[in-house]
Amino acid sequence: MPKNILVINPGSTSDDIGFYRGLKPVFEVKLEYTPKDLAPYANKNVTEMAPMKKEIILSYLKKNGIDLKEIDVVMGRGGLTKHTEGGTFYVNEAMLADLRKGYLGVHPCNLGGILADMVAKEAGCPALISDPEVVNEMWPVAQYSGMPELPRIPIFHALSQRRVAIHTAKQLGKEYDQCRFVIMHAGGGVTVGLHINGKVVDVNNGLDGEGPMTPQRSGTLPTGNFMRLCYSGKYTLQEMALKVKGEGGVCAYCGTHDIKEIMDFIETGKKDENSHISCSREKAKEVIDAMIYQMSKYIAYMAAPAQGKLDGVILTGAVMYSEYIRENLKSKTAWLAPVFVYPGSDEKAALKEAAIRALDNPSLIKEYK
């Protein structure tokens, strides 16, 4: 019998929710919040918005005739809790405490488990999260950085990467835990993971900008010059943080992180009156080519520990909507293994599929500690 699943994927100014009867969507909607809704939470921990968001979600469900008692499970997006293994977890009090304080950082995704718990309590059903950004299955040797005070830690698109890995394994007629992939998710941030036999054994910290240059992040920087810039007195800590994450990478060179706008400019040479592009057409193309170059290097870098024995290279995320970028990446990495491409990132679908797997086999659901 199909299970009824409510999925909540929160953001800072909107929440992406979906209600499904089995695989069939009843509705999928992005609930937008007005400046008036958000004003009381300026300069506060984003998790303090949870009660307000819960009421809006409940109101929307009621308006669309969804009886809370028919919901079998509420699945929220994972947040920045303690590092944990991959899989699906019950939302419990230990997890809620770590989400509220932002154990590994404050981010809108921390609302996923909190909102799932609030709605699930109203509905009388379990609340779950799956494959949060802080999944840590890294080999011990992969966690060394060269400086004991600064171990390498994973913060990455675990949910998205796991989903495309499972789908690609099925295409190959295998189980995920039988495969070896290098997977790159490219959006505002970029994460590249080495997946071996169902574990992500190495991956970069995409939240803090480690790895290749991205639309919004600087990527790994020349260490000596970076240290000197930090202590030059020209920038505050907050300004340096923005140069690394938010206004770094492509944005720093081109004035915008909008890849579609930049690619249209490269193709036509034209900018509209509202364009934020600050460089020439030639420079924009060179910046995009540099990003592709760095991405391909990082994919090959992650393939090395697998000794090149891969079932596939997988490219996903919003940046892959660009034909120029994805075709160039394919041509630069196809020598490693067959290349599979999944443009975009359907997190709701990934959460729904994880919920179905968990409901079909409840023994897979783990307790967060």
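Since we're looking at a predicted model, the values are computed, not measured. (Residues numbered from 1 in each chain as written. Predicted model: local features only at pLDDT ≥ 70, side-chain atom pairs only at ≥ 80, totals over all residues. Heavy atoms only, no water.)

## Some details on the overall build of the chain
Helix and strand content of the chain: twelve helices and twelve strands. Its C-alpha radius of gyration of 21 Å places the chain within 12% of the 21 Å reference for a compact globule of 369 residues. Buried positions account for 52% of the 369 residues belonging to the chain. Nonlocal contacts in the chain, meaning residues at least 24 apart in sequence, comprise 67% of its contacts between residues at least 6 apart. For the chain, the accessible area works out to roughly 17800 Å², and carbon and sulfur atoms hold 53% of it. In the chain, the 44 positive side-chain charges and the 43 negative ones have mean positions that sit 2 Å from each other. (Helix = DSSP H or I, 4+ residues; strand = E, 2+ residues; numbered from the N terminus. Rg over C-alpha atoms; globule rule 2.2 N^0.38 Å. Buried < 20%, exposed > 50% of the residue type's maximum accessible area, 1.4 Å probe, protein only. Contact = heavy atoms within 4.5 Å. Areas by Shrake-Rupley, 256 points an atom, 1.4 Å probe, with all protein chains shown as cover. Lys, Arg positive; Asp, Glu negative; His and termini not counted. Charge placed at Lys NZ, Arg CZ, Asp CG, Glu CD.)

## Quick look at the environment of K121
With respect to the helices, strands and loops of the structure, K121 is situated in helix α4 (residues 111-123). Placed 53 residues apart in sequence, K121 and L68 show a C-alpha to C-alpha distance of 9.8 Å.

## Quick notes on helix α5 (residues 158-171)
Helix length check: α5 (14 residues) gives 20 Å between terminal C-alpha atoms against 20 Å at 1.5 Å per residue, within 8%. All of the buried residues in α5 are A158, L159, S160, Q161, R162, V164, A165, I166, T168 and A169. Immediately beyond the C-terminal end of α5, within one or two residues, lies G173, with a positive phi of roughly 75°. (Expected span 1.5 Å × (residues − 1).)

## Re unusual backbone geometry
A positive phi is found at D131, a non-glycine position, where the angle reads about 40°. With phi around 50°, N197 is a residue other than glycine that occupies positive phi space. In this structure, N197 sits in the loop between β8 (190-196) and β9 (199-203). Judged by its relative accessible area of 42%, N197 is partly exposed.

## Here we look at the side chain of H195
By secondary structure assignment, the location of H195 is in strand β8. A polar contact is formed between the side chain of H195 and the side chain of Q161, at a distance of 2.7 Å. Not counting the four nearest positions on each side in its chain, H195 is found in contact with Q161, R162, A165, Y176, C179, R180, F181, I183 and V200. (Polar contact = N/O pair within 3.5 Å; in protein donor to acceptor, adjacent residues only side chain to side chain.)

## Quick word on the side chain of T333
With respect to the element layout, T333 can be found in helix α11 (residues 323-333). When its relative accessible area of 0% is taken as the criterion, T333 is described as buried. Discounting residues that sit within four places of it in the chain, T333 has contacts with S296, I299, V313 and V339.

## As for the sheet that holds strand β12 (residues 366-367)
Sheet architecture is open: seven strands sit in the order β3-β2-β1-β4-β6-β5-β12, paired in mixed fashion. Of all strands in the sheet, those bounded by a partner on one side alone are β3 (24-32) and β12. Sheet topology places strand β1 (residues 4-10) next to strand β4 (residues 73-77); four bridges connect them, and they run parallel. Within β4, the position partnered with I8 by the bridge is G76. (Pairing = 2+ DSSP bridges.)

## Things to note about the state of the cysteines
Inspection of the entire model under this criterion finds zero disulfides. In this structure C254 is a free cysteine whose sulfur lies 3.7 Å from that of C279, the closest cysteine sulfur available. (Disulfide = S-S within 2.5 Å.)

## Considerations on the packing of aromatic side chains
Scanning all chains against the criterion turns up three aromatic pairs. Seen in terms of ring centroids, F27 and Y60 are 5.2 Å apart; in terms of plane orientation they differ by 70°. Their pairing is edge-to-face. Separated by 33 residues along the polypeptide, F27 in strand β3 and Y60 in helix α2 (residues 50-63) bring together distant segments of the chain. An aromatic cluster is present here, built from F19, F27 and Y60 joined pairwise through their rings. In this structure, K82 packs its charged tip against the face of Y103, placed 5.0 Å from the ring centre. For the cation-ring pair, K271 lies above F265, with the distance from its terminal atom to the ring centre recorded as 5.4 Å. (Phe/Tyr/Trp six-rings, centres within 6.5 Å; stacked < 30°, edge-to-face > 60°. Lys NZ or Arg CZ within 6 Å of the ring centre and 35° of its normal.)

## Re the environment of V339
Topologically, V339 is positioned in strand β11 (residues 339-343). For the pair V339 and M302, spaced 37 residues apart in sequence, the C-alpha separation works out to 15 Å. Once you skip the residues sitting within four places of it in the chain, V339 turns out to touch V313, L315, K330, T333 and A334.

## Remarks on the packing of helix α6 (residues 223-230) against helix α7 (residues 237-244)
At their nearest, the axes of α6 and α7 sit 11 Å apart, and the two run at 145° to each other. Across from F226, L229 and C230 in α6, the residues of α7 making contact are M240, K243 and V244. (Axes fitted to C-alpha atoms, helices over the stretch in contact; angles between N-to-C directions.)

## Quick notes on the pairing of β9
Burial runs high along β9: four of the five residues are buried. As judged from the four bridges shared by β8 and β9, these two strands associate in the antiparallel manner. Paired with I196 across the bridge in β9 is K199. The antiparallel hairpin formed by β8 and β9 contains two residues in its connecting segment, where N197 sits at a positive phi of about 50°.

## Structural notes on the sheet that holds strand β10 (residues 312-317)
Pairing is mixed across the open sheet formed by five strands, whose spatial order is β9-β8-β7-β10-β11. Either end of the sheet is taken by a strand with one partner, and the two such strands are β9 and β11. Going across the sheet, the axis of each strand differs from the next one's by a mean of 25°, ignoring polarity. Helix-sheet contacts for α5 involve β7 (180-186), β8, β9, β10 and β11, and the interaxial angle to β7 is about 135°.

The analysis is restricted to geometry; functional conclusions fall outside its scope.
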